[in-house]
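Take a look at the letters that make up each chain.
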Amino acid sequence: MWLARDGHDVTMVEKKEYPREKTCGDGLTPRAILQLQDMGFDFDVPEFHTVRGLRSYAGQDLKLELEWPEHTRFPNWGGIIRRKDLDAQVAKLAEKEGVTIRQHTSAAPVVEGGRVAAVELSEGDGTELVEPDYVVVADGSLSRFGRALGTHRRRDYPMGLAARGYFDSPLSDDDFMESQLDIRDANGNAMPGYGWIFPLGDGTVNVGVGLLSTFKQWKDVNTSDMMAAYVESSPDYWDLSNPTPHRGGKLSMALSVGPRVGPNWLVVGDAAGTINPWNGEGISYAYETGRIAAGVIGEAKGAGDSTLLHRYDQILDDEYADYYRFARLFVKAIGYPSVMQTLTHVGLRSKPLMEWVLKVMANLLEEDEQESGVSEAAYRALEAVVRRAPTSVVEL
Ligand SMILES: Cc1cc2nc3c(=O)[nH]c(=O)nc-3n(C[C@H](O)[C@H](O)[C@H](O)COP(=O)(O)OP(=O)(O)OC[C@H]3O[C@@H](n4cnc5c(N)ncnc54)[C@H](O)[C@@H]3O)c2cc1C
């Protein structure tokens, strides 16, 4: 979209057909809303449900409702919309800007010396070779296209596993997202992650549970059991009924995938592992990295110098590296169930503390707050927690 808006000739290739399902929590924070506003998204469609903030709870008696903060750059509201509706509208907006969209078409690279020499497009029985000047790889967390170019995920970085399903609920019009911070397995053991119920405003809610790889039983996790245990323990007021079969997926996070730049290609979104480990949010980071990639390609084309693509790496590091370094430490810390429980139970007793935590988790700190040293102090405090925790408990 951004390249087409700047007058470039862009083709987008999608192997499915819009509107297509995408396994997701369907939750949009103010960061994602800002990107959608800039794209010209129509929030007045009936499928879009606005939310004022986040309700978090742990156990029976600890509960806090926090509104999205006022911010100089981001709006103070979020939303929920099924991905099939969100992505179909975004694709239409891109088309309006002049992007040619090829649906039902699968893309695979022809690689020569690390360069995408051509892209093979397969549609039905037919194939065709095209030779774009630049390629943006945006094929999601499995990223077969990216892997063919040599990208790989760092095994020492965390990853997430999540599942979601839709339920009917009389509270579907609620104007808060809800997250349960104290999730347990079937035996009552605490797990690092959270459960969510995101109201869609149409009589249904998106219910899901996400877990981080930083605890030792990670490999034995069964998402069906996790979902069942979470639904069973969810607050009665949701009165969940009529579930759809749930679907799961992997969350590639914390800038875990690289290289992100090649001679004539860039990797964005889940294909680059850009999900925020603090909260599992990936839509806004997919939009943001796509937009940064477009800017860099525009500059490279303008100057006739493809080496300028490497600025992408630098911009991503400037934008996210410190924040994600802090996030990696946080998810390492909460890999110890006792740390997760302590942080949750202490945090939920203090509204000012949780207001700050919400800003950190949703990446909504103002620039001066980031520079004030508070974040650095929190980082050092977390470092101390991780140092003291028994290192034998986690494999990282
Ligand atoms: C259970 C779950 C819940 C989540 N909840 C949230 C949430 O509430 N909020 C949030 O912000 N994030 C959430 N995420 C993360 C979010 O879904 C992703 O970060 C986001 O979808 C990344 O966007 P993307 O464009 O990079 O990749 P995707 O959305 O995966 O899009 C990739 C696209 O590429 C297409 N494709 C793949 N290979 C090819 C090919 N070879 N040729 C052509 N097309 C191809 C696919 O069909 C797909 O349409 C959740 C993830 C999971 C698994």
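Refer to the structure printed above.
Residues numbered from 1 in each chain as written. Predicted model: local features only at pLDDT ≥ 70, side-chain atom pairs only at ≥ 80, totals over all residues.

What to know about the sheet that holds strand E10 (residues 126-130)
Backbone hydrogen bonds are what pair the strands of a sheet, in a parallel or an antiparallel way. The 3 strands lie next to each other as E8-E9-E10, forming an open sheet whose pairing is antiparallel. Two strands lie at the open edges of the sheet, namely strand E8 (106-112) and E10, each paired on one side alone. For this sheet, the mean angle separating the axes of adjacent strands, direction not counted, is 25°. (Pairing = 2+ DSSP bridges. Helix = DSSP H or I, 4+ residues; strand = E, 2+ residues; numbered from the N terminus. Axes fitted to C-alpha atoms, helices over the stretch in contact; angles between N-to-C directions.)

Overview of the nonpolar core
Membership of the largest hydrophobic core comes to 96 residues, with the highest contact counts inside it found for Val137, Val209, Leu266, Val268 and Ala293. Looking at this core element by element, the count peaks at 9 residues for helix H6 (residues 283-303). Excluding residues within four positions of it along the chain, Ala293 makes contact with Val136, Leu266, Val268 and Tyr312. (Core = buried A, V, L, I, M, F, W, Y, C linked by C-beta atoms within 7 Å. Buried ≥ 20, exposed ≤ 12 C-beta atoms within 10 Å, placed from the backbone. Contact = placed C-beta atoms within 7 Å.)

As for helix H9 (residues 351-361)
The complete set of buried residues in H9 reads Leu358, Val360 and Met361. All buried residues of H9 lie within an arc of 160° about the axis, which places them on one face of the element. Residues of H9 that are buried sit in contact with strand E4 (53-58) and strand E5 (62-67). (Arc of directions from axis to C-beta.)

Focus: the packing of helix H2 (residues 30-39) against H6
Axis separation between H2 and H6 bottoms out at 8 Å; the angle between their running directions is 45°. Classified by the angle between their axes, H2 and H6 sit oblique to one another. As H2 packs across H6, the resulting crossing turns out to be left-handed. Together, Arg31, Ala32 and Gln35 of H2 and Ile283, Ser284, Tyr287 and Glu288 of H6 make up the contact between the two elements. Looking at the contact of H2 with H6 residue by residue, the class counts come to 3 nonpolar, 2 polar and 2 charged. (Parallel < 35°, antiparallel > 145°, perpendicular 65-115°, else oblique. Left-handed = near helix turned anticlockwise from the far one by under 90°. Nonpolar A, V, L, I, M, F, W, Y, C, P; charged D, E, K, R; others polar.)

Remarks on the site of the ligand
The ligand sits among 32 residues. The nearest are Gly25, Gly140, Gly249, Gly269 and Gly282. Mapped by element, the contributors of at least two residues to the shell around the ligand are E8, helix H4 (144-148), strand E13 (159-168), strand E17 (247-252) and H6. With 3 residues, E13 is the single largest residue contributor to the shell around the ligand. (Near = placed C-beta within 6 Å.)

Describing unusual backbone geometry
A cis amide bond links Tyr18 to the next residue, Pro19, at an omega of -5°. Locating Pro19 in the fold gives a position in the loop between strand E1 (11-13) and strand E2 (27-28). Going from Gly258 to Pro259, the amide bond is cis rather than trans, its omega being -5°. By the secondary structure assignment, Pro259 is in the loop between strand E18 (257-258) and strand E19 (265-267). Of note, Asp26 is a non-glycine position whose phi angle comes to about 70°, a positive value. Judged by local crowding, Asp26 falls into the buried class, with 26 C-beta atoms found within 10 Å. The backbone of His104 sits at a positive phi, close to 55°, despite the residue not being glycine. In this structure, His104 sits in the loop between strand E7 (100-102) and E8. Residue His104 is classed as exposed on the basis of its C-beta count, with 12 C-beta atoms lying within 10 Å.

Regarding the packing of H6 against helix H7 (residues 311-333)
At their nearest, the axes of H6 and H7 sit 10 Å apart, and the two run at 145° to each other. Note on packing geometry: the crossing formed by H6 with H7 is right-handed. Here Thr289, Ile292, Ala293 and Val296 of H6 lie close against H7, whose contacting residues are Arg311, Tyr312, Ile315 and Leu316. Across the contact of H6 with H7, the residue classes break down as 6 nonpolar, 1 polar and 1 charged.

What to know about the sheet that holds strand E3 (residues 49-51)
Taken together, the 3 strands give an open sheet; going across it, the order is E2-E6-E3, and neighbouring strands pair in antiparallel fashion. Each of the sheet's edge strands pairs with one partner strand only, and the pair in question is E2 and E3. Sheet topology note: the E2/strand E6 (residues 78-80) ladder contains 2 bridges and is antiparallel. Paired with Leu28 across the two strands is Gly79, which belongs to E6.

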